[in-house]
Amino acid sequence: MTRLLKAALAALLLACLPLVSAARAGELAPPSGKPVLTVSGAIASRNAPSGAVFDLAMLKALPQASFSTRTIWTDGPVTFEGVRLKDLVAAVGASGGTLHAIALNDYAVDIPVADATADGPIVAYAIDGHALPVRNRGPLWIVYPYDAKADYRSEVVYSRSIWQLNRIDVRE
């Protein structure tokens, strides 16, 4: 290969590298089922003009978590299953400091991204092995492991435990 051809190929590869990296960083498959959650705002990964749209199967494809805890809304300990808020934030490449969570009835609450830890809240889609129907706080409910830490049993954290969740706007 001539020196000129090698230089041209190297320049072409270097010019294309940012495009390939950006495409990989922003990849998120479109939902094939009924959308249950839209994450918008300061995110890197999108699959729709509105942001990152998830169906239940997409949420279940993320790393899963479950824990048993008592809540102020249920009788006795119950087991919640879902995806850690931490993993959802990572999946969309969130870069903001606040998660503005919104329910089907437009109730909204701000959750600091700092709450999204490995031992923190999950976006639950099941309780005691059963899907969460809309009439029973579903389809999604942000639940903290209240029994794990006294700090989680506060009015502030209870107010962040939004049910009938369907949107999250990541804000700076």
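Use the structure listed above.
Residues numbered from 1 in each chain as written. Predicted model: local features only at pLDDT ≥ 70, side-chain atom pairs only at ≥ 80, totals over all residues. Heavy atoms only, no water.

Novice: Explain the packing of aromatic side chains residue by residue, including any values.
Specialist: For the structure on display, the rule yields ten aromatic pairs. A centroid spacing of 5.5 Å and a plane angle of 80 degrees characterise the contact between W73 and W163, whose relative ring orientation is edge-to-face. Pair noted here: W73 is in the loop between strand 3 (64-69) and strand 4 (78-84) and W163 is in the loop between helix 4 (155-160) and strand 10 (165-171), with a separation of 90 residues, a long-range link. Through pairs of rings, three or more aromatic residues link up here, namely F67, W73, F80, W141, Y144, Y146, Y152, Y158 and W163. Above the face of the W163 ring, R137 is positioned so that its terminal group lies 4.9 Å from the ring centre. (Phe/Tyr/Trp six-rings, centres within 6.5 Å; stacked < 30°, edge-to-face > 60°. Helix = DSSP H or I, 4+ residues; strand = E, 2+ residues; numbered from the N terminus. Lys NZ or Arg CZ within 6 Å of the ring centre and 35° of its normal.)

Novice: Go over the environment of A42 with me, naming the residues and quoting the values.
Specialist: Mapped onto the fold, A42 is located in the loop between strand 1 (35-41) and strand 2 (52-55). C-alpha separation for the pair A42 and V170, spaced 128 residues apart in sequence, amounts to 5.2 Å. Once residues within four sequence positions are removed from consideration, A42 is found in contact with G93, A94, S95, G96, V170 and E172. (Contact = heavy atoms within 4.5 Å.)

Novice: Break down the pattern of salt bridges for me, citing the residues and quoting the values.
Specialist: Under the counting rule described, the total for this entry stands at four salt bridges. For the salt bridge of R167 with D106, the shortest nitrogen-to-oxygen distance reads 2.8 Å. Of this pair, R167 sits in strand 10 while D106 sits in the loop between strand 5 (98-103) and strand 6 (108-112), placing them 61 residues apart in sequence. Judged by its relative accessible area of 55%, D106 is exposed. (Salt bridge = Lys/Arg side-chain N within 4 Å of Asp/Glu carboxyl O. Buried < 20%, exposed > 50% of the residue type's maximum accessible area, 1.4 Å probe, protein only.)

Novice: Got a sec to walk through the sheet that holds strand 10? Specific residues and values, please.
Specialist: Strand order in the open sheet formed by five strands is 2-1-10-5-6, with mixed pairing between adjacent strands. Edge positions in the sheet fall to strand 2 and strand 6, since each has one partner strand and no second. Neighbouring strand axes in the sheet, compared pairwise and without regard to direction, differ in orientation by 20 degrees on average. Looking at chain direction, strand 5 and strand 10 are connected through six bridges and run antiparallel. If you follow H100 over to strand 10, its bridge partner there is D169. (Pairing = 2+ DSSP bridges. Axes fitted to C-alpha atoms, helices over the stretch in contact; angles between N-to-C directions.)

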